[in-house]
Amino acid sequence: MLIIVGGIFLGLIVGSFLNVLAYRLPIMIENKINDTDSNKSKIDLEAFNLITPSSRCPICNYKIQIWQNIPVISWLLLKGKCHHCEERISLRYPLVEILTGLLSGLIVWKFGITPAALAGLFLIWILISLSLIDLEHQILPDRLNFMLLWSGITLALFYPLEPNLPYPDLQSSIIGAMLGYLSLWSVYWLFRFFTGKEGIGYGDFKLLAALGAWLGWQMLPLIILLSASIGTLIGLIIIKLKVNDRDSPIPFGPFLSMAGLISLLWGEDILTKYLNNI
């Protein structure tokens, strides 16, 4: 039980950093793209990264103190408002911290204190970051996608770390990366050929390639089926509630991430039960 609590506590701390990552990385990418056209000096652009400047209120630029940056607790103590200007702090911040904490605890509960758990924690933290960025900006940064892809293949080099791991051998990992990319790439071009529209983005190809590298080609059908099912269900709910119209794009990255998490935790059990019932 203490191990799970420790995982949750670690997840809360990491969740606070993921909020920073999801906010700053798109700005860093935009700064790099606009570097040649920007009037800002190179020093100014380099001063904005994941470490500097320190966290500040986006409204009044008040420098957030350490005690005001404790995951979840500070938001509750401040009653969801900036200490200085009393503007509302988005509920997203504590929710991301809580989600990261709970999922981290779930990984530790599933795998214990093992190399599998450390790998799983890294995987879900990156997936959470990608999902947050995709939801807000509708992009899946190459920096995170490629980090996930190459770390998955690197992990496969050390297969097996221990018995009964959910991670694949090197051959399954590489094939998973290839098929993951090509499967959505094919869907993209078929959809574009018949409709003239872009149904999904290139970032989705890369994310599925990364999940294929992490979980092996054997898990790809399950990931695709789950992500499509979750996406369709949520899309119908959004349309029913009239949150968006039918032509408004819905980010697919979070659905791939959810499917990847389910496959990591229960994919083997799902596939085994399915094959036994054929």
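Note: the structure precedes this text.
Along each chain, residues carry numbers from 1 onward, in the same order as the chain's sequence is written. Reporting of local features is limited, given that this is a predicted model, to residues whose pLDDT is at least 70; pairs of side-chain atoms are given and counted only at 80 or more, and all residues count toward the totals for whole chains, interfaces and linings. Excluded from the side-chain calculations are hydrogens and water; all other atoms, namely the structure's heavy atoms, are used.

### Quick look at the overall build of the chain
Alright, step 1. Helix and strand assignments follow DSSP, with helices taken as H or I runs no shorter than four residues and strands as E runs no shorter than two, numbered in order from the N terminus. Along the backbone of the chain there are ten helices and zero strands.
Alright, step 2. A compact globule built from 278 residues should have a C-alpha radius of gyration of about 19 Å, and the chain, at 20 Å, falls within 12% of that.
Alright, step 3. A principal-axis box enclosing the C-alpha atoms of the chain has dimensions of 60 × 55 × 45 Å.
Alright, step 4. For the chain, the residues scored as buried account for 41% of the 278 residues in total.
Alright, step 5. When checking whether two residues touch, look at their non-hydrogen atoms; a contact exists if any pair is within 4.5 Å. Expressed as a percentage of contacts within the chain between residues at least 6 apart in sequence, the contacts between residues at least 24 apart total 68%.
Alright, step 6. Accessible surface computed for the chain: about 16,300 Å², of which carbon and sulfur atoms make up 67%.
Alright, step 7. His is not counted, nor are the chain ends; Lys and Arg add positive charge and Asp and Glu add negative charge. Taken as the charge location is NZ of Lys, CZ of Arg, CG of Asp or CD of Glu. A gap of 6 Å separates the mean positions of the 19 positive and 19 negative side-chain charges of the chain. Two things to know: the radius of gyration comes from C-alpha atoms, and the globule rule equals 2.2 Å times the number of residues to the power 0.38. The rule is simple: take the accessible area with a 1.4 Å probe, protein chains only, and divide by the maximum for that residue type; under 20% is buried, over 50% is exposed, in between is partly exposed. Areas reported here follow the Shrake-Rupley algorithm with a probe of radius 1.4 Å; residue values treat only the protein chains shown as occluding.

### So, the packing of aromatic side chains
Alright, step 1. Centres within 6.5 Å are what make two rings of Phe, Tyr or Trp a pair, Trp counting through its six-membered ring; a difference in plane orientation under 30 degrees is then read as stacked, over 60 as edge-to-face, and the rest as tilted. Counted under the stated rule, the structure contains nine aromatic pairs.
Alright, step 2. On the numbers, 5.1 Å between centres and 90° between planes, the contact of Tyr-188 with Trp-189 is edge-to-face.
Alright, step 3. For Tyr-188, a relative accessible area of 2% corresponds to the buried category.
Alright, step 4. Centre to centre, the rings of Phe-193 and Phe-194 are 5.1 Å apart; their planes meet at 85°, and the pair counts as edge-to-face.

### Describing unusual backbone geometry
Alright, step 1. The residue Val-72 is not glycine, and still its phi comes out positive at about 65°.
Alright, step 2. Note on placement: Val-72 falls in the loop between helix 2 (42–46) and helix 3 (73–77).
Alright, step 3. The exposure class assigned to Val-72 is buried, which follows from its relative accessible area of 17%.

### Observations concerning a nonpolar patch on the surface
Alright, step 1. Exposure above 30% relative accessible area and the absence of a salt bridge qualify a residue for a patch, where like charges join within 9 Å and nonpolar side chains (Val, Leu, Ile, Met, Phe, Trp, Tyr) within 5 Å. The working definition used for a salt bridge is a side-chain nitrogen of Lys or Arg within 4 Å of a carboxyl oxygen of Asp or Glu. A surface patch of nonpolar side chains, about 860 Å² in accessible area, is lined by Leu-157, Phe-158, Leu-170, Ile-174, Met-178, Leu-182, Trp-185, Trp-189 and Tyr-202.
Alright, step 2. No other element matches the six residues that helix 7 (residues 170–195) contributes to the nonpolar patch.
Alright, step 3. Using a relative accessible area of 53% as the deciding quantity, one classes Phe-158 as exposed.

### A short note on the pattern of salt bridges
Alright, step 1. With the rule as written, the count across this model stands at two salt bridges.
Alright, step 2. Taking the shortest distance from any N to any O, the salt bridge between Arg-92 and Glu-136 comes out at 2.7 Å. With a gap of 44 residues between them, Arg-92 in helix 4 (residues 92–111) and Glu-136 in helix 5 (residues 115–137) connect regions that are remote in the sequence.
Alright, step 3. When its relative accessible area of 23% is taken as the criterion, Arg-92 is described as partly exposed.
Alright, step 4. Among the salt bridges present, the one from Asp-142 reaches Lys-206, with a minimum N-O distance of 2.8 Å.

### A short note on helix 5
Alright, step 1. Across its 23 residues, helix 5 extends 33 Å between first and last C-alpha, which sits within 8% of the 33 Å expected from 1.5 Å per residue.
Alright, step 2. Counting buried positions along helix 5 yields 17 of 23 residues, so the element is predominantly enclosed.
Alright, step 3. Positive backbone phi, approximately 55°, marks Gln-138, located one or two places after helix 5. Here the expected length of a helix is defined as 1.5 Å per residue gap, with one fewer gap than residues.

### A closer look at the packing of helix 9 (residues 220–240) against helix 10 (residues 253–276)
Alright, step 1. As a packed pair, helix 9 and helix 10 sit with axes 9 Å apart at the nearest point and diverge in direction by 130°. Relative to helix 10, helix 9 is oriented oblique. As helix 9 packs across helix 10, the resulting crossing turns out to be right-handed. Along the contact surface, helix 9 presents Leu-222, Ile-223, Leu-226, Ser-227, Ile-230, Gly-231 and Ile-234, while helix 10 presents Phe-255, Leu-256, Met-258, Ala-259, Ile-262, Ser-263, Gly-267, Ile-270 and Leu-271.
Alright, step 2. Here the nonpolar group is Ala, Val, Leu, Ile, Met, Phe, Trp, Tyr, Cys and Pro; Asp, Glu, Lys and Arg are the charged ones; every other residue, Gly included, is treated as polar. Grouping the constituent residues of the contact of helix 9 with helix 10 by class yields twelve nonpolar, four polar and no charged. Inter-axis angles, ranging from 0 to 180 degrees, are taken between N-to-C directions of lines fitted to C-alpha atoms, where helices are fitted over the stretch in contact. Relative orientations are named as follows: roughly parallel for angles under 35 degrees, roughly antiparallel for angles over 145 degrees, roughly perpendicular for angles from 65 to 115 degrees, and oblique for any other angle. What makes a crossing left-handed is the near helix being turned counterclockwise from the far one by less than a right angle; a clockwise turn instead makes it right-handed.

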